[in-house]
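Geometric and topological summary
Letter by letter, the chains look like this.
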Amino acid sequence: MKNKFLTYALGSALLFTGVGCQRIIETQEPQQSIAASTAINSRSSATAAMLGAYSSLQSANYYGTRYLLLPEMHGQGNANHSGTFPSFGQFARRAILDDNVEVANMWAAIYSGINRVNQIIDRVPRIDEAAFTAEQRQALLAEAHFLRAFHYFNLVRYWGGVPLITRPTNAVEGTTLQVPRSTVNEVYTQILADLDVALASAPTTYGATAATKGRATLRAVQALKARVHLYRSSLGIATEWDQAIQFATLAGTGASLTTNFVSLFEDKNTVEAIWELQFDPTNSNSIAFFLLPTALGGRNEIQPNANLAGAFPAGDARRITAGAATNVRSRVKYFRPGTGDDHVIIFRLAEMLLTRAEALVERNTGTDLADAVTLINQIRTRAGIGNYAGAVDQVSLRNEVFLQRRLELALEGHYFFDVVRTGRAATTFVDWNPNQALLPIPFRELNANPNLTPNPR
């Protein structure tokens, strides 16, 4: 299934208002939303609502541009700000104010996505339709719980503890929306609870390749669980390594690395992808447009920098050229500014291999270090740079895994988070202030909700 999530959602009038409310245009009398009890009242409408829930991910304020690229430019880690948006410049300088529009819009886009899946979780068990089987209900609910876990994970790693909203909301609830922040541990507890529901009933396939990649399957749930446990390891919980290894292994089952690295992005929906967000010219993104120079149809708002380019060894097939290069291959991953239909690969096998390698290095028992080298060499061989030839000790391999994550996943939205969670921020960013690890809570949210507390700056 090519991605028609937004088309389906609009056709079924299933864009709900709430936190970060959205409006739809209808041929009937103007109204801000349709009651979930009316809109989600059958298997078909529940399925349409689920497809609509994916469209929140396509937002330019989420994986359609901002949430993907801003962590790469945050502190000029992998990219510099080369354009004119002052709000982007704040990210590059790590001087982000609480009235930054990008911060506010990312927050709103994610909570909008949460509200959509909350509607589904609330309504699906109430649908009275004989043909809607228990298995079908549980599969839809698993998908919704997965998406909610994914949204909250993206909130907690960029803002820390956030308000946990697990029921549907609407735009007129007033003080009932004034939810205080939960702790980081409480947010992770909710994420893991949602993933447990998803693991129990998530489908293994939706049929066609594009449908499997466009909608989250069991392997996507396993991949998110692996990523969550990798991040939770920074909280000092030793068993996180075991679970990261377990679920990264499960998520990678059935996938294989593409022979040619570039084909992973040129061909779309390859055997390596575990969950690939689908874009097409109708439901497009601005990623290539923001990255590419004007000569190639872009606006040159963000440039991969010399620090990133210099980290690639000679002959590395993944190499990304610094500056406003006029060679479209310099961007490798996103190169369709005219149509905006570059896909966004959220989970893929290479990440799972590196997750396993990192967890093995940190666990460091028995043959863990040797096993980590074997996984690292799969990544290096595909990149064309040969096997790892350094020392096989925990410190050396820790650095190698971090480097390979940077090179393999460059411009995929991981770098800033990897630097922070591995404790490298003070040696990576100039004049690092630990308070800069989190974004400010948006001013408009603080102003509307007296129960919210700001992040220290």
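Here the structure is a predicted model, which means the values were calculated and not measured.

1. Considerations on the side chain of Q58
Looking at where Q58 falls in the secondary structure, it is placed in the loop between helix 3 (43-54) and helix 4 (66-73). At 3.2 Å, the side chain of Q58 forms a polar contact with the backbone oxygen of Q278.

2. Re the packing of helix 6 (residues 101-123) against helix 7 (residues 134-159)
Packing of helix 6 against helix 7 brings their axes to within 9 Å, and their N-to-C directions diverge by 155°. In this view, helix 6 runs roughly antiparallel relative to helix 7, as classed from their interaxial angle. Read as a crossing pair, helix 6 and helix 7 show a hand that is left-handed. Along the contact surface, helix 6 presents V103, M106, W107, I110, Y111, G113, I114, V117, N118, I120 and I121, while helix 7 presents L141, A144, H145, L147, R148, H151, Y152, N154, L155, Y158 and W159. Of the residues contributing to the contact of helix 6 with helix 7, the split by class is 16 nonpolar, five polar and one charged.

3. Here we look at the packing of helix 10 (residues 218-232) against helix 15 (residues 349-363)
Across the interface, helix 10 lies against helix 15 with an axial gap of 11 Å and an inter-helix angle of 35°. Where helix 10 crosses over helix 15, the handedness of that crossing is left-handed. From helix 10, A223, A226, R227 and L230 reach across to helix 15, where they touch E351, M352, T355 and E358. Classifying every residue of the contact of helix 10 with helix 15 by side-chain character gives four nonpolar, one polar and three charged.

4. Focus on helix 7
Residues spaced three or four apart along an α-helix point in a common direction, a consequence of the helix completing one turn every 3.6 residues. For helix 7, built from 26 residues, the straight-helix expectation of 38 Å at 1.5 Å per residue is met to within 8% by its first-to-last C-alpha distance of 37 Å. Most of helix 7 sits out of view: 22 of its 26 residues are buried. Downstream of helix 7 by one or two residues, G160 has phi in the positive range, about 80°.

5. Brief notes about helix 5 (residues 86-93)
The element helix 5 is largely enclosed, with a buried count of six among its eight residues. Among all positions in helix 5, only S87, F88, G89, Q90, F91 and A92 are buried. Just downstream of helix 5, R94 is the residue with a positive phi angle, here 55°.

6. Some words on the packing of aromatic side chains
Tallied over the entire structure, the rule returns 29 aromatic pairs. Between F289 and F290, the ring centres sit 6.0 Å apart and the planes meet at 75°, which makes this aromatic pair edge-to-face. By relative accessible area, which is 5% here, F290 ends up buried. Lying over the aromatic face of Y231, R421 brings its terminal NZ or CZ to 5.2 Å of the ring centre. Note that R424 overlies the ring of F402, its terminal NZ or CZ placed 4.1 Å from the centroid.

7. Let's talk about the nonpolar core
Counting 101 residues, the largest nonpolar core has F146, W159, I191, W275 and F347 as its most contacted members. If we skip the residues at most four places from it in the chain, F146 touches L195, A198, A216, A220, V221, L224, W275 and F347. Counting residues in hydrophobic clusters, the runner-up holds 22 residues, among them L230, A350, A357 and L360.

8. A word on the environment of E272
You can see E272 is positioned in the loop between helix 12 (263-266) and strand 2 (273-277). The spatial distance from the C-alpha of E272 to the C-alpha of I345 is 9.7 Å, given a sequence separation of 73 residues. What E272 contacts, discounting residues up to four positions off in sequence, is A255, S256, L257, T258, L264, R348, L349, A350, R382 and E408. At 2.7 Å, the side chain of E272 forms a polar contact with the side chain of R382.

Conventions we followed
- Residues numbered from 1 in each chain as written.
- Predicted model: local features only at pLDDT ≥ 70, side-chain atom pairs only at ≥ 80, totals over all residues.
- Heavy atoms only, no water.
- Helix = DSSP H or I, 4+ residues; strand = E, 2+ residues; numbered from the N terminus.
- Polar contact = N/O pair within 3.5 Å; in protein donor to acceptor, adjacent residues only side chain to side chain.
- Axes fitted to C-alpha atoms, helices over the stretch in contact; angles between N-to-C directions.
- Parallel < 35°, antiparallel > 145°, perpendicular 65-115°, else oblique.
- Left-handed = near helix turned anticlockwise from the far one by under 90°.
- Contact = heavy atoms within 4.5 Å.
- Nonpolar A, V, L, I, M, F, W, Y, C, P; charged D, E, K, R; others polar.
- Expected span 1.5 Å × (residues − 1).
- Buried < 20%, exposed > 50% of the residue type's maximum accessible area, 1.4 Å probe, protein only.
- Phe/Tyr/Trp six-rings, centres within 6.5 Å; stacked < 30°, edge-to-face > 60°.
- Lys NZ or Arg CZ within 6 Å of the ring centre and 35° of its normal.
- Core = buried A, V, L, I, M, F, W, Y, C linked by side-chain atoms within 4.5 Å.

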